[in-house]
Amino acid sequence: MTKQDYRTKVASFFSDGFVFVGGTLVAVLVFLAIWSFISPNPSFSTIMMSKSNTLDSKSAVFNLNQDSQEPTFYDDQDLNYGIEKPIKNWDEKRSKWLKLHPTFNHGVKERILVVSGSQSMPCKNPMGDHLLLRFYKNKVDYCRIHGYDIFYNNVLLQPKMFFFWAKMPAVRAAMVAHPEAEWIWWVDSDAAFTDMDFKLPLEKYKDHNFVVYGWPKLIYEKKSWTGLNAGVFLIRNCQWSMDLIEAWAKMGPQSTEYDKWGQILQSTFKDKNFPQSDDQSGLSYLLLKEKDKWGDKIYLESEYYFQGYWVDIVGQLNNITDKYLGIEKKMPSLRRRHAEKVSERYGKLWEEYLIKDKWRRPFITHFTGCEPCSGDHNPIYSWETCYNAMQKALNFADNQVLRKYGFVHKDLLDSSSVSPLPFDFPSNSSV
């Protein structure tokens, strides 16, 4: 290339470059001019702030600063968040809200809001508040890892709906407060996630509106009130669910027919040994007596521990830990250190090995009968047994979280101490 050709090409390059840069600057100035009509004090920080607030943890574009000025169901003065007044045409109302807030439509069918709660007063059991805090932390950990929102309620939204009935007003209010959520997932305060990788198989439930741990044979043939456990359930945010909650809540203590329902439920389920109407028997009754109305949309899950009885689970936790470590020793990809934000990728990698062996960690461990807040546990086991089991399960779950931070509990019964993990653990190392 001659010097003249070189100079010509350089000159051409700079000429094109200035045209490009000039065009870019003009575009930016035009944008800022338009922005000045929208924002009285336009600035780059304002623009960048607006952009940063539109992203959630899963990179879906949520505009958290925008709320449509067109009327929605929220502008209806007759709207009632409480359980006393029914909501009608909820599917249409929710659909309109989503249309007016289009940034929430991406991934809406998989969006879950976790709801839990406990009493507003301090626990009677001296260890109760500490244990409830640990159970809450466990739920927050799971939600953070999977990008779920969580609502933890500690007041009675319907003063007469106490104890196990308190969940219904909270779930009903959450459905109204979160139209962007397709599913509301109630998890009792004394239930712990013990498999931090596992996610609900929502595709499996695509034709259902309610999922609960249970067994059809026990409900329809044995007529047992323990045919399901209502301490954990998944409910779709739709009109059908509004109607179910309305029918279910009519058996509650706020109803004038509460005593009557207690008699009906006890006469229906012969193994029910207390006279009060309760939520679990009530749901079982709706399935048994009104199956045509509700049964097709309720999924009784028993193929995995949607929730599991702690007595059946806790004694196996050490063996389960050893099985997982055994697989990791053989597979470098599974033991690779990684950021917590990408944990779901490694959860998917695990599935190949867990499905092959047809076993995995119990998903949710429920401490039914331990009553950590009141301490009034079922007399068939001691408080020490309950307490040690809760410590063991919570630390088992906590280890799955702490590994992302480089530490682990060596002893599942020791909640206060952790040990640093060596590189490539557990390939050739032990803690």
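Below or above, wherever it landed, is the structure these notes cover. (Residues numbered from 1 in each chain as written. Predicted model: local features only at pLDDT ≥ 70, side-chain atom pairs only at ≥ 80, totals over all residues. Heavy atoms only, no water.)

**What to know about the sheet that holds strand β4 (residues 191–193)**
Working step 1: Pairing is mixed in the open sheet, where 3 strands are placed in the order β4-β9-β8. Every interior strand has two partners, whereas the edge strands, β4 and β8 (308–309), have only one.
Working step 2: As defined by bridge partners, β8 adjoins strand β9 (residues 364–366) across 2 bridges and the pair is classed as parallel. In the sheet register, tyrosine 309 faces β9, and the bridge partner there is histidine 366. (Pairing = 2+ DSSP bridges. Helix = DSSP H or I, 4+ residues; strand = E, 2+ residues; numbered from the N terminus.)

**A closer look at the packing of helix α7 (residues 239–249) against helix α9 (residues 279–289)**
Working step 1: Following both chains from N to C, one finds α7 and α9 inclined at 115 degrees, their axes separated by 10 Å at the closest point. The crossing of α7 and α9 is right-handed. Between α7 and α9, the residues in contact are Leu244, Ala247 and Trp248 and Asp279, Gly282, Leu283 and Leu286, respectively.
Working step 2: Classifying every residue of the contact of α7 with α9 by side-chain character gives 5 nonpolar, 1 polar and 1 charged. (Axes fitted to C-alpha atoms, helices over the stretch in contact; angles between N-to-C directions. Left-handed = near helix turned anticlockwise from the far one by under 90°. Contact = heavy atoms within 4.5 Å. Nonpolar A, V, L, I, M, F, W, Y, C, P; charged D, E, K, R; others polar.)

**Structural notes on the sheet that holds strand β3 (residues 183–187)**
Sheet strands pair via backbone hydrogen bonds, and the direction of the pair is either parallel or antiparallel.
Working step 1: Strand order in this open sheet of 6 strands is β2-β1-β3-β6-β5-β7, and the pairing throughout is mixed. With partners counted over all chains shown, the strands left at the sheet margins are β2 (149–153) and β7 (298–301), one partner each. Within the sheet, the average angular offset between the axes of one strand and its neighbour, ignoring direction, is 25 degrees.
Working step 2: Looking at chain direction, strand β5 (residues 210–214) and β7 are connected through 4 bridges and run parallel. Bridging across to β7, phenylalanine 210 finds its partner in isoleucine 298.
Working step 3: Relative to strand β6 (residues 228–236), α7 is tilted by about 150 degrees, and along the sheet it contacts β5, β6 and β7.
Working step 4: Most of the contacts of α9 go to β6, to which it runs at about 65 degrees, and overall it touches β5, β6 and β7.

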